[in-house]
Amino acid sequence: MEDSNSQEPRPRGPRLYHKKSRTGCLRCKQRRVKCDELHPSCSSCSRHMVECVYQAQPRASANAKTTTYLVQAESKPLLHAVASIAPAGPTPQVASHRSVHAPLHAQSSDSALVQSQSPHSSTFYPSPSSSQPTPQVDDVEFDVDLPEGPWRRLWELRLMHNSQTRMRQPFLEIQSPEIEQMWSEDVPNMAISFAQQQGRSSLLYIEFAHSALHMWTTCTDRRERDELIKLQQTYQLMCSKEQRRDIDEIPHASPKLLDYICFTALRIVAHSLALVQTLSLDPWEPPLQWLYMGHGAGTVFNRARSKLKAEHCTLISKFVDHPPNLREAKDTILSDHTPLAWLLDHPSHPSSIEAQTDQELNDAGVRSVYEQALAYTCSVFRAVERKEPRVAIARRLGGFAVWVPIEFSKFIEQRRPRALVVLAHFMSIWLSYEDVWLIGRAGEWQIRCIHKNLPVEWSCKLDGLFTKFKHREIQS
């Protein structure tokens, strides 16, 4: 029965019902639209000039070199080209984006105020995995939003309060006053003022999504955890939809708008990093969402920042000038990678048939991708040895998805052994930063899953990493 106090519904486009496409591209699946499955780019992705990504089912052989493949059209890479994925459930092992729980009622402490607006069915949240058909907006977009009312307002107050209190100091070290003010005051003020004055809400929505994820990592109540992860999903999708307009206006944007777009992209990079700890472990989901979202947001950031001139006094300039310096390729993906070069060698003896028939590194482009990933990993190890503050290391960890070529993400999708080994060693850096909420135990979980999914002959490349686990467990 309709609530008599509910607002008059907004006009919507017609509902279009489609047969499910099990082999369509990820973007069309996310948006719940019919994919014509053209290769290398479907008509929808081509029309919107975004990368088109297809995913195939893994092959049955456990020792197969590749289990999935990607076909990607080289076009304007936007952050929303990849499906928004986050599981619901009390532990990472429980669920993946393929089985999202239905949202639950608002908590009893708030029910007197918001009972009539509390969600009662899966139609309340426009989840990417919802089986409910969604309306078309602007030809191919579906309407992603939360209904107005006390329930939404109460949650947004809670999310904003959490952001301004418990998330204000995310690191043990005291940050510089300028940077602390930037994230605790300047950026929230920017998000609110743009929403009020210009109707732009991408930064506000990703702030809400980030706060919901933070609350999820510390919440112990199953019902509220389900609510929080659904809120995180929905606000992330709403941000993605809103940011499309911002991206289209980059060529003619004012310095203030470019500043806004840059900070939205930075928050998306941090958010994608934090989402790694939510991924399913059984079955294992590689951290592809982080790699693709981070790369897309980094591309948007670089496009927007390239339009800013030296004379523009912007907030993002102050952030970029603050250490660590991640602006030079010679310090990141082109730095010395020799300490980890052995990871690329085939584990079998060079005279063995397996080693001699391994032709992967004969391709100069493929070798370059691996070497850049190793170089970035080595640059972070050196930063740790220099005892850089935790906030600087966290920025470097997030920068992996931005700096490392997108082809490396494809190799992870294909589960190439070399790529998985490199990723595991990068994840080993995360082990020392479990107290940072953005990271948690994601590093350990990913390494253990990679070890389980590696061909037996390659597993020896991770032996040293498991030694760290045992040492840590004895200490605890």
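About the cut-offs
- Residues numbered from 1 in each chain as written.
- Predicted model: local features only at pLDDT ≥ 70, side-chain atom pairs only at ≥ 80, totals over all residues.
- Heavy atoms only, no water.
- Helix = DSSP H or I, 4+ residues; strand = E, 2+ residues; numbered from the N terminus.
- Buried < 20%, exposed > 50% of the residue type's maximum accessible area, 1.4 Å probe, protein only.
- Areas by Shrake-Rupley, 256 points an atom, 1.4 Å probe, with all protein chains shown as cover.
- Salt bridge = Lys/Arg side-chain N within 4 Å of Asp/Glu carboxyl O.
- pLDDT = per-residue confidence, 0-100.
- Contact = heavy atoms within 4.5 Å.
- Phe/Tyr/Trp six-rings, centres within 6.5 Å; stacked < 30°, edge-to-face > 60°.
- Core = buried A, V, L, I, M, F, W, Y, C linked by side-chain atoms within 4.5 Å.
- Disulfide = S-S within 2.5 Å.
- Axes fitted to C-alpha atoms, helices over the stretch in contact; angles between N-to-C directions.
- Parallel < 35°, antiparallel > 145°, perpendicular 65-115°, else oblique.
- Left-handed = near helix turned anticlockwise from the far one by under 90°.
- Nonpolar A, V, L, I, M, F, W, Y, C, P; charged D, E, K, R; others polar.
- Expected span 1.5 Å × (residues − 1).

The helix and strand tally for the chain stands at 17 helices and two strands. Buried positions account for 56% of the 476 residues belonging to the chain. When the accessible area of the chain is evaluated, it comes to approximately 21900 Å², of which 53% is carbon and sulfur surface.

Where side chains of opposite charge bring their charged atoms close, a pairing between them can arise. In this structure the tally under the stated criterion is 21 salt bridges. Two residues, Asp-246 and Arg-200, come together in a salt bridge whose shortest N-O distance is 2.7 Å. Here Asp-246 is found in helix H7 (residues 222-248), whereas its partner Arg-200 is found in the loop between helix H5 (177-198) and helix H6 (202-218), with 46 residues between them in sequence. Just as Asp-246 is buried, Arg-200 falls in that class too.

Low-pLDDT portions of the prediction should not be read for the details of their coordinates. Averaged over all residues, the pLDDT of the chain equals 79, while 75% of them reach at least 70. Taken as a whole, residues 10-18 scores under 50 in pLDDT and shows 17 contacts with residues more than four places along the chain or in a different chain.

Cis geometry marks the peptide bond from Asp-282 to Pro-283, where omega comes out at 5 degrees. Considering the arrangement of structural elements, one finds Pro-283 in the loop between helix H8 (255-274) and helix H9 (288-306). Between Pro-323 and Pro-324 the backbone carries a cis peptide bond, its omega angle lying at 10 degrees. Positive phi, normally seen in glycine, also occurs at Glu-37, with a value near 60 degrees. Backbone geometry places Arg-415, a non-glycine residue, at a positive phi of 55 degrees.

Time to look at the packing of aromatic side chains. The description of two aromatic rings rests on the distance between their centres and on the angle between their planes. Counting across every chain of the model gives 15 aromatic pairs. Relative to Phe-263, the ring of Trp-183 lies with its centre 5.5 Å away and its plane at 80 degrees, an arrangement referred to as edge-to-face. Here Trp-183, found in helix H5, pairs with Phe-263, found in helix H8; they are 80 residues apart in sequence, far enough to count as distant. A residue is classified by how much of its surface remains accessible, and Trp-183, at 23% relative accessible area, is partly exposed.

A general tendency of soluble globular proteins is for nonpolar side chains to be buried together. Trp-290, Phe-408 and Trp-430 are the most contacted members of the largest nonpolar core, which has 117 residues in total. No other element matches H8, which puts twelve residues into this core. Residues in contact with Trp-430, not counting those within four places in the same chain, are Leu-273, Val-276, Trp-290, Leu-397, Ile-439, Ala-442 and Gly-443. Listed in part, the nine residues of the second largest apolar core include Cys-28, Cys-35, Cys-42 and Tyr-54.

As enumerated under the stated definition, the model contains zero disulfides in all. The thiol of Cys-25 is unpaired, and the distance to the nearest cysteine sulfur, on Cys-28, comes to 3.5 Å.

Before going further, it helps to spend a moment on the packing of H9 against helix H14 (residues 406-413). Viewed as axis vectors pointing N to C, H9 and H14 meet at an angle of 165 degrees, and their least axial separation amounts to 10 Å. Accordingly, the angle class assigned to the pair H9 and H14 is roughly antiparallel. Two packed elements cross with a definite hand, and for H9 against H14 that hand is left-handed. Note on element contacts: H14 touches H9 through Ile-406, Ser-409, Lys-410, Ile-412 and Glu-413, opposite Leu-288, Leu-291, Tyr-292 and His-295. Its residues assigned to classes, the contact of H9 with H14 comprises five nonpolar, two polar and two charged.

A word on the side chain of Ser-428. With respect to the helices and strands, the residue Ser-428 is situated in the loop between helix H15 (417-427) and helix H16 (442-453). Leave out the neighbours within four places in its chain, and Ser-428 touches Phe-381, Ile-447, Leu-465 and Lys-468.

Here the focus is H9. Under the 1.5 Å per step criterion, the end-to-end length of H9 is 27 Å for 19 residues, consistent within 8% with the ideal 27 Å. With 15 of its 19 residues buried, H9 lies for the most part within the structure.

Two numbers describe how H8 lies on H9: the axes approach to 8 Å, and their chain directions differ by 165 degrees. As far as their axial angle goes, H9 and H8 are roughly antiparallel. For the element pair H8 and H9, the recorded crossing hand is left-handed. Note on element contacts: H9 touches H8 through Trp-290, Met-293, Gly-294, Ala-297, Gly-298, Val-300, Phe-301, Ala-304 and Arg-305, opposite Leu-258, Ile-261, Cys-262, Ala-265, Leu-266, Ile-268, Val-269, Ser-272 and Leu-273.

What follows covers the side chain of Ser-379. Mapped onto the elements of the fold, Ser-379 is located in helix H12 (residues 364-385). According to the relative accessible area criterion, Ser-379 is buried, its value standing at 5%. Apart from residues no more than four positions distant in its own chain, Ser-379 is found in contact with Asp-331, Thr-332 and Ser-335.

Mapped onto the elements, Phe-171 comes out in the loop between helix H4 (150-164) and H5. A relative accessible area of 8% places Phe-171 in the buried class. Once the C-alpha coordinates of Phe-171 and Arg-390 are considered, the two residues, 219 residues apart in sequence, prove to be 6.8 Å apart. Ignoring sequence-local partners within four residues, the contact set of Phe-171 consists of Arg-390, Val-391, Ala-394 and Val-436.

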